[in-house]
Amino acid sequence: MEVRSATKLQCQRIGCNAMFTDDDNPDGSCRFHASGPFFHDGMKEWSCCKQRSHDFTLFLEIPGCKTGKHTTEKPVLAKPAPRQPVTVPTSCPHANASTKDSCSRCRQGFFCSDHGSQPKEQTMQNALNTPVQVQEEKTESLAPAPVKKVVIDINQPQVCKNKGCGKTFKERDNHETACSYHPGPAVFHDRLRGWKCCDVHVKEFDEFMEIPPCTKGWHSSSSADQAV
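This write-up is about the structure you can find in this document. Every value quoted in this text rests on a predicted model; they were computed, and no experiment measured them. Within each chain, residues carry numbers counting from 1 in the order of the written sequence. For this predicted model, a pLDDT threshold of at least 70 governs which residues receive local features, and a threshold of 80 or more governs which side-chain atom pairs are given and counted, while totals over whole chains, interfaces and linings are taken from all residues. Note: side-chain values were computed over all heavy atoms of the structure, leaving out hydrogens and water.

1. Structural notes on the environment of cysteine 179
Secondary structure follows DSSP: runs of H or I at least 4 residues long count as helices, runs of E at least 2 residues long count as strands, and numbering of each begins at the N terminus. Tracing the backbone through its elements, the reader meets cysteine 179 in strand E10 (residues 179–181). Each C-alpha atom, one on cysteine 179 and one on lysine 216, is 5.4 Å from the other, the two residues being 37 residues apart in sequence. Discounting residues that sit within four places of it in the chain, cysteine 179 has contacts with Cys160, Asn162, Cys165, Thr215, Lys216, Gly217, Trp218 and His219. Contact between two residues is taken to exist if any of their heavy atoms lie within 4.5 Å; hydrogens are not considered.

2. Side note on the packing of aromatic side chains
When two rings of Phe, Tyr or Trp (its six-membered ring) have centres within 6.5 Å they constitute a pair, described as stacked for plane angles under 30 degrees, edge-to-face for angles over 60, and tilted for the intermediate range. Counted according to the given criterion, the structure contains nine aromatic pairs. Summarising the aromatic geometry, the rings of phenylalanine 56 and phenylalanine 208 are spaced 5.5 Å apart at their centres and angled 75 degrees between planes, so their arrangement reads as edge-to-face. Linking phenylalanine 56 in helix H1 (residues 56–60) with phenylalanine 208 in helix H5 (residues 205–209), this pair joins segments that are 152 residues apart in sequence. With a relative accessible area of 1%, phenylalanine 208 lands in the buried category. Of the aromatic side chains, those joined through ring pairs into one cluster are Phe39, Trp46, Phe56, Phe59, Phe188, Trp195 and Phe208. In our convention, an over-ring charge means Lys NZ or Arg CZ found within 6 Å of a ring centre and within 35 degrees of that ring's normal. A cation over a ring is seen here: arginine 13 above phenylalanine 32, with NZ or CZ 4.3 Å from the ring centre. Burial here depends on accessible area, computed with a 1.4 Å probe over protein chains only, as a share of the maximum for the residue type. Under 20% is buried, over 50% is exposed, and the range in between is partly exposed.

3. Considerations on the sheet that holds strand E11 (residues 186–189)
Pairing is antiparallel across the open sheet formed by three strands, whose spatial order is E11-E12-E13. Single-partner strands in this sheet number two, and they are E11 and strand E13 (200–202). Direction aside, the axes of adjacent strands within the sheet are offset by 20 degrees on average. Where strand E12 (residues 192–195) and E13 come together, three bridges link them in antiparallel fashion. Note on E13: the bridge partner recorded for tryptophan 195 is valine 200. Note on pairing: two strands pair once DSSP finds at least 2 bridges between them. The angle between two axes is taken between their N-to-C directions and runs from 0 to 180 degrees, where each axis is a line fitted to C-alpha atoms and a helix contributes only its stretch in contact.

See below:
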C-alpha cells in the first residue's frame, strides 16, 4: 500500500503561498492570481483581474481571482502589455457645435480650440458652486468613532500581516523573534523592485518576493500594527 507524504509544502502560486500536503489538496483549495502585477506611477495592479491599490501591503492582500490546486511549481509570468497613452483632443468633437453651451469640452472647463478658453469668472463661479467645501466641513465636524477592543483567542490560528512573512501562527507561540519580516517600505522605481530597509533591489517580481526578510520580531495579525 502506497503511503503518501504528509510533509507540508508551500504553494508557489502568486497570491496564495499557503501550506498544504499531497493528501490534502482538493481542486479549488488554492486561490491565486493568474498573471503578474503591473506597476506604474505609484499604482500597483494585478494584470489578470485589474484590481489595484497604491499601498503595497493592501495590494498583496487582494484575493486571487482564480482557483485550482496548490502546486510547488513556480508559475511562468507573462509580462503585461504596455499601456497605450490616451490622447485627449483639444477641439470640440462636434464640428457643427456653434456655442460654448453646446460644446462638451467647454462645459467641463477644458480648453477648446473651436471656442477658446472658458472665461476665468465663469470657471471660478462653477468652482464656488460645488458642494465639496460644504461636504468637507461636515466630515470634519463628525466625532471619531470609538475604537473597538478585540479579544484574541491565544489558540486561534492567525495569519501574520508583517511584510515578507505571511505565516500562520498562534498567539500562545508568539515571541519577540518568532517573525522574520521586512519593516519596509517596498520600493518600485525604474523597473527595479526592492526593500528600502535592507537596500536589496531586483528586476523580476518573483525575485522580489523571494528576497529574505532582514528583521525579526513579533508576529502581527493586523496590517496596521506592524512588528517593531
